[in-house]
Amino acid sequence: MRQPILSIYFLLGLISSFYLHAQTKDKGSLKLQYDTPADARVWEQALPIGNGRLGAMVYGIPDKEELQLNEETIWGGGPYRNDNPKGGSNLKNIQQLVFEGKSPEADKLINETFFTKTHGMPYQTAGGVLLNFEDHKNFQNYYRELDIEQAKATTRYVVDGVTYTREVISSFSDDVIVMKISASKKGALNFELSYKNPAQHSIYAKDNALVLQGKGSDHEGIKGEIVYHTLSSVKNVDGTVVIDDSKIQVKNASTAVVYISIGTNFTNYKSVSADGYKKALEKLNKAKAAKFEESLAKHSKLYYAQFGRFQLDLGKHNESSTISTTERIRQFQQTQDPALVTLLTQYGRYLLICSSQPGGQPANLQGIWNNSLTPPWDSKYTININTEMNYWPAEVTNLSETHKPLIQMTKELSESGKETAKVLYNAEGWVAHHNTDIWRVTSPIDFAAAGMWPTGGTWLAQHVWEHYLYNGDKKYLKEVYPILKSASDFLLSTLIPHPKHTDKGWMVLSPSISPEQGPMSAGVTMDNQLVYDMLTRTTIANEILNEDIAYREKLLAMAKRIPPMQVGKYTQLQEWLEDVDDPKNEHRHVSHLYGLYPSNQISAYTTPELFEAARNSLVYRGDFATGWSIGWKVNLWARLLDGNRAYKIINNMLTLADRENRNGRTYPNMFTAHPPFQIDGNFGLTAGVAEMLVQSHDNAVHLLPALPDAWKKGTVKGLMARGGFEIDMQWSDSKVQTVKVLSKIGGNLRLRSHVPLTGKGLKEAHGTNPNILNNRIEVPKPLVSPQAQIKGSDLKKIYEYDIPTVAGKSYSFTIVK
C-alpha cells in the first residue's frame, strides 16, 4: 500500500512545482532566475538581499543551504587616526621637488612623511548560517529567483514528491533576516541550523536563540574593537524545535520560519559603546511576534515605495522568460536582449536601495556584500571615483534618500579631516584623500602614487551640492553649507603659485597625482576641475543663503586663478598641466574627464573645443576596461551625445564573467566584475542608462540626448532632473512622442528636444535659463595647442522651450505632428 501513496504525493509535487515554476517565469518580470543552485565555491552565483544594514547572499542549495551574512558596521580595527606628524614640516620641501621635476625624490619623501603604517581597516563578513537538509541531494524541478520588485529570494525544488520552498528577505520593516521554509507534505520538513565564521567567535544558546558572538579583527596595529552578536531563532507551526549550544534542530515540521538578527557595539566613528546583544534581541523578539505573511507584506511595501518610483521599458526579447539569467548574459552579444539591459539597470537601483538607507553607512566597494575578513582593497570607501560612482544613480533614478548616508559620511569626514588639514598642510578647513573607512580616517593611505591625492573630500562635497540641485531645499543647503565652506577654506589655504607660470598667475595644488597614475605633479587637470567646482559652487551657495559677501568675492577671485583646461597636441583634453598625454595610454582611470561627467564644465553647445578634446581623450583610452571604468565610460559617451557608442560600452559590460572568461564583466548573479567584484560597475551602468535618456546639467532638461539605434521604442517613468522635475516619457521611431513633467518644487522648466514639441504654456526659449538649478557654471576659455586639429562636432538640431511651473503640478507635451 505504501508505493501508491508515495506516487500520488510525487505526482502532486510535480504538478505543484510545475504550476509555481510557470508562475515565477512571467514574461518581462524583473527577476533573476536560475534552474540550478549556486555552486558553493562560487560566491558570485549566490543572490544578494539587503535592507541597508543587513545583507545576505543566498546560495539556494537544497541539501546544504548557506546564508552568508553581513552587517554594515562589522569592520576591523576601532576608532583611530593615521596623521603623520612629519607631514606639515616637509610639505614645502616636497612641493619644491615637484616643481623642479624631481618626482621620484618627491615620491620617496611623501611616503616617509605623509604616510603611516595604517592604510585603512577592512570591512568584514559576519560569517554564515548553514541549513543542513538530510537526504535533499536528489532533487528535481529546481528553480530559484531573486525578485527585485519584492526584494525577495525564493528557492523551490522537489524531493520524493514533496515540494520544498524557501523565501528569504532582509526585512525593511523588522530589520532582521527572515526565511520561511515550507514543505507541501505535512511533517516532511527536517533540518539543522548552525554557524560558520572565520573570525574569533563563540557560540551558545540563550533567550531561545542560537547566539554567535564575534569580533572584528586587529589590523595593521589597530586593535579590533567591534563586537557583534548574531541571534538565530526558529518559529514553528508544528513539529519540534530543539536548541543546544551548537545548533538548532527542526524535526517533522510542515513550515518553519528562521529569524536572524545581528547587533554590534558600533555607536559612531568615534565610539563603540553600544550593547549589540540587546539591540539584536529586541529586533528578534519583535519580528517573531508577527506572522511571516504580514512581515513580508510590510517589507515589500516599504521597499517598493522606493523601487517603484522609476519604471523602464526598452523592449522585450522572445526568449528572455524561458532561460536562466546566466544564459541571458552569455547570449547577450547575439540576442541584444533589451529587457536584460532594463533588468541590469533596475538591478543597480535594487542594490543601492538594499545597501544604503538613511541613518546607516554608505555603500562601500562591495555595497554590503562581502564573504571575507580580508576582501579586495579592504572593501573600503575609495573616494577617487568608486564611492562617488556608487551614488551616481541616487538622484536621477528617484532614490534621493539613499544619498543621505554618503552626505552624512561627508559631514563626518569634514569633522575628522580638520585635524589632517592642520597636521599635514598647516591649513584651515578639512581634507580627505583617496580612501577612507568606517572610522573616517582622512590622511593618505597605501602609497604616494595612489594615495597622495588631496581632493577626495573636494569630490565628496560635490555630492552635497548635487543633492541640493535636485531638491532645491534651502533649509538643507543651510545645514550643509559649513561642509562646503570648510572644503573651500582648505583650498584657499593650500593653493600655491606655480613658479613656472607666474606670468599667468596660476594657483595649483601640490603635491598631487592624476588618479591613479603618476608622476607626482602640481595642478593636474582633475584637481583643477574639482577646485573650480568647489569654489564656484560654494560661491553660489553663499549667495543663495545671503552669507558673507567678502568671502564670496574671495572665492571668485581664487577661482579665476585656477588653470583653465587645455587642448593638447593630439587634440586631446590634457590630463596634466603639461602636454604629456600618451594617445596609446588605455589606463582605466579617465580622471581628467571629470569635467565632462559627473561635472558639467564641458558642453557640446558652449565649449565645443573642450567637447571635441574630451571625445578624443575617451577614444584614445579605448572602449574596454575594468567594470567600474566601463560604468564611467557609458556616462561619458552619453554626455558626448553618442548613444550608439554608449550602447557599445554596455555590450562590453554584458559579457559573462566566469571561469571560462576572465574578460567577462558581469557575473551570473549580475554583480559587475572589476574583476574581482566591485559594486560601482553596477551603479555606474544604471546611471549611464539614465544619462542616455535624460540630462539636466547643461542649462536645460534634455530629452533623449543619447538614444542608441537599438532602443527605437520605449518608455521611462519617474526619471529625475535637476530642478526637481520628474519625467515620464514615451518614444518610438527614436523620437520622443509624449512627455509628462511633474514639477516638485516649481520654477522655470527649459526643455531641450531633438523634435519640435507642443503643449499648454510652452514657449520658445530665449536667453539664460532663470532656473539656476539647471545651469552650468561658465568656465575659462581653454588653451589650445597650435598642433591641435579642431574639426568640430556634428550635432543634431535642437529645439528649446520654456514653461514656468508651479510646485506639485504636472505638465504634458507631445511631438508636433
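### Section: the pattern of salt bridges
- Tallying each qualifying case throughout the model produces 40 salt bridges.
- For Asp39, the salt bridge is made with Arg41, and the minimal N-O distance between the two is 2.8 Å.
- Relative accessible area serves as the criterion here: at 65%, Arg41 is assigned to the exposed category.
- Note that Lys247 and Asp244 form a salt bridge whose closest N and O atoms lie 3.0 Å from each other.
- What emerges from the salt-bridge pattern is a single network uniting Asp698, Arg752, Arg776, Glu778 and Glu800.

### Some thoughts on the sheet that holds strand E29 (residues 735-743)
- Taking strand neighbours across the sheet as the criterion, the 6 strands line up as E17-E27-E28-E29-E35-E31 in an open arrangement whose pairing is antiparallel. A strand with exactly one partner marks an edge of an open sheet, and here the two such strands are strand E17 (311-313) and strand E31 (757-758).
- Here 6 bridges tie strand E27 (residues 714-721) to strand E28 (residues 725-732), and the two strands are oriented antiparallel to one another. Note on E28: the bridge partner recorded for Ala721 is Phe725.
- Together, E17, E27 and E28 form the strand contacts of helix H19 (residues 680-693), whose direction differs from that of E27 by roughly 100°.

### Topic: the confidence of the model for the chain
- Here the chain averages 95 in pLDDT, and 96% of its residues register 70 or above.
- Overall, residues 1-28 carries pLDDT values under 50, and its contacts beyond four positions in sequence, including any with other chains, amount to 29 contacts.

### Side note on the packing of aromatic side chains
- One pass over the full model with this rule turns up 24 aromatic pairs.
- For the ring pair Trp43 and Phe677, a centre distance of 5.8 Å and an interplane angle of 50° mean the geometry is tilted. Residue Trp43 is found in the loop between strand E1 (31-34) and strand E2 (47-50), and its partner Phe677 is found in the loop between helix H18 (643-653) and H19; the two are separated by 634 residues along the sequence.
- Among the residues examined, Phe677 registers a relative accessible area of 2% and is labelled buried.
- Ring centres of Trp75 and Tyr381 lie 5.7 Å apart, and the angle between their planes is 25°; on these two criteria the pair is classed as stacked.

### Quick word on the side chain of Glu44
- By the secondary structure assignment, Glu44 is in the loop between E1 and E2.
- Within the buried core, Glu44 has no salt-bridge partner, and the shortest N-O distance to an opposite charge, that of Arg662, equals 7.9 Å.
- Sequence-distant contacts of Glu44, defined by excluding residues within four places in its chain, comprise Tyr667, Pro668 and Asn669.

Procedures and definitions
- Residues numbered from 1 in each chain as written.
- Predicted model: local features only at pLDDT ≥ 70, side-chain atom pairs only at ≥ 80, totals over all residues.
- Heavy atoms only, no water.
- Salt bridge = Lys/Arg side-chain N within 4 Å of Asp/Glu carboxyl O.
- Buried < 20%, exposed > 50% of the residue type's maximum accessible area, 1.4 Å probe, protein only.
- Pairing = 2+ DSSP bridges.
- Helix = DSSP H or I, 4+ residues; strand = E, 2+ residues; numbered from the N terminus.
- Contact = heavy atoms within 4.5 Å.
- Axes fitted to C-alpha atoms, helices over the stretch in contact; angles between N-to-C directions.
- pLDDT = per-residue confidence, 0-100.
- Phe/Tyr/Trp six-rings, centres within 6.5 Å; stacked < 30°, edge-to-face > 60°.
- Lys, Arg positive; Asp, Glu negative; His and termini not counted.

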